[in-house]
Amino acid sequence: MLKRIAVMTSGGDSPGMNAAIRAVVRVAIHEGVEVWGIYNGYSGMYEDQMVKLDSRSVGDILQRGGTFLGTARCEHFRTVEGRQKAVDNLKSHGIEGLVVIGGDGSMTGAQLLSEMGIAVIGLPGTIDNDIWGTDYTIGFDTASNTVVDAINKLRDTASSHGRVIVLEVMGRNSGWIAMTAGLAGGAEHILIPEMSVNLDEICEELTHSHASGKKYSVVVVAEGAGSAVEIGKKIVAVTGLDTRVSVLGHIQRGGSPSVFDRILASTLGEHAVLALIAGLSNVMFGFRNGGVVTIDLADAIRHKRTIDPSMFRLANLLAK
Ligand code: ADP
């Protein structure tokens, strides 16, 4: 039976990471396992920034976005020597198992660690929802709700003035936030990196819909599909419609986690600890078809998460 484990957050932060840390710490303590927190991801592992946590260390964090352990990117960890130093630090504290909460880069690091004799469990934590094997990542629901809230507010003003609003949201390589929030928020057009964008066609549809009585339109653009500023300029130039651009930015990364994210994080955190105790390693826990699933880290890393085309089709159909 392993005696001491550690937990860390890595890569981009996401709402619900704190809830996952809290669950890992309290489940571990309940199971009689000592738990340490590593500050600032692999950087803190490399720099030996880790402390023992107790139940009180994770009080008052459930409702907070971000991660109280901090998160960072660590170039040293990409080298064999850097990883060896990090593993030596873990071993010097008697840490035998590790829970890594982060995005796909962090999962790659986790897999490399598990090959070096540390038992590692990954938990998908990113607002982008771009990790293969799970329907949802921790933070995606909260970020999508933040975007829907912005769309609602932008609709109010767009409706009053009869404007086109172009809203840029996060998603350099993934259109999940744009597509989900666009569908939930009733956007007229959704531009995502996974689908080719025909701006001329969009301009034509905007002209047509406004001529046929649509009072206003919302265009949601994932940052990877193009710049909202440039798209806005083109819409004005081609259609002459009164258009405003809004870039939502890092607001999408923060905020109190939604009920869904808290429950997802808490449930996956519990599974991670119980899996380490049961002797598992090199896997990630995710949530698929209404239940928790175990995914080999190698699979999670190798495969690319694609968008759901039926959702995209429905969003377009309902926007007519
Ligand atoms: P995310 O986990 O959000 O995708 P990154 O891609 O920046 O964020 O990854 C977080 C950290 O994971 C990196 O700073 C690095 O320390 C580690 N990492 C990512 N990819 C690798 C890799 N191929 N080999 C070793 N470590 C990696």
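Since the structure is predicted, the reported quantities are computational estimates derived from the model, not experimental observations.

1. Some thoughts on the domain arrangement of the protein
Per the domain assignment, the segments making up the protein are domain 1 (4-139 + 257-302) and domain 2 (141-253). Summing both sides of the interface, domain 1 and domain 2 together bury roughly 950 Å²; the carbon and sulfur share of this comes to 52%. Linking domain 1 to domain 2 there are one salt bridge. Here Arg253 and Asp13 are joined by a salt bridge, their closest N and O atoms 3.0 Å apart. Here the side of domain 1 that touches domain 2 is built from residues that sort into four nonpolar, five polar and four charged.

2. Things to note about helix α3 (residues 80-92)
The terminal C-alpha atoms of α3 lie 18 Å apart, and with 13 residues this matches the ideal 18 Å at 1.5 Å per residue to within 8%. Burial in α3 covers these residues: Gly82, Arg83, Ala86, Val87, Asn89 and Leu90. All buried residues of α3 project into a common sector of 155° when viewed along the axis, lining one side. Opposite the buried face of α3, at more than 90 degrees from it, the exposed residues are Val80, Glu81 and Ser92.

3. Brief notes about the packing of helix α5 (residues 140-161) against helix α6 (residues 176-185)
Interhelical geometry of α5 versus α6 gives an angle of 50° and a closest axis separation of 9 Å. Between α5 and α6, the crossing angle belongs to the class labelled oblique. Crossing angle aside, the handedness with which α5 passes α6 is right-handed. In contact with Phe140, Ala143, Ser144, Val147, Val148, Ile151 and Arg155 of α5, α6 contributes Trp176, Ile177, Thr180, Ala181, Gly182, Ala184 and Gly185.

4. So, the sheet that holds strand β11 (residues 291-296)
Spatially, the seven strands line up as an open sheet ordered β3-β2-β1-β4-β5-β10-β11, and their pairing is mixed. Bordering the open sheet on either side are β3 (50-53) and β11, each of which pairs with just one other strand. When strand polarity is set aside, the average angle formed by the axes of neighbouring strands in this sheet is 25°. Where strand β5 (residues 119-124) meets strand β10 (residues 283-288), two bridges bridge the pair, whose relative direction is parallel. Across the sheet, the residue bridging to Ile121 is Val283, located in β10. Along the sheet, helix α4 (residues 104-114) contacts β1 (4-10), β4 (97-102), β5 and β10; its crossing angle with β4, the most-contacted strand, is approximately 165°.

Calculation rules
- Residues numbered from 1 in each chain as written.
- Predicted model: local features only at pLDDT ≥ 70, side-chain atom pairs only at ≥ 80, totals over all residues.
- Heavy atoms only, no water.
- Domains from an automatic or database assignment.
- Buried area = accessible area lost by both parts, 1.4 Å probe.
- Salt bridge = Lys/Arg side-chain N within 4 Å of Asp/Glu carboxyl O.
- Nonpolar A, V, L, I, M, F, W, Y, C, P; charged D, E, K, R; others polar.
- Helix = DSSP H or I, 4+ residues; strand = E, 2+ residues; numbered from the N terminus.
- Expected span 1.5 Å × (residues − 1).
- Buried < 20%, exposed > 50% of the residue type's maximum accessible area, 1.4 Å probe, protein only.
- Arc of directions from axis to C-beta.
- Axes fitted to C-alpha atoms, helices over the stretch in contact; angles between N-to-C directions.
- Parallel < 35°, antiparallel > 145°, perpendicular 65-115°, else oblique.
- Left-handed = near helix turned anticlockwise from the far one by under 90°.
- Contact = heavy atoms within 4.5 Å.
- Pairing = 2+ DSSP bridges.

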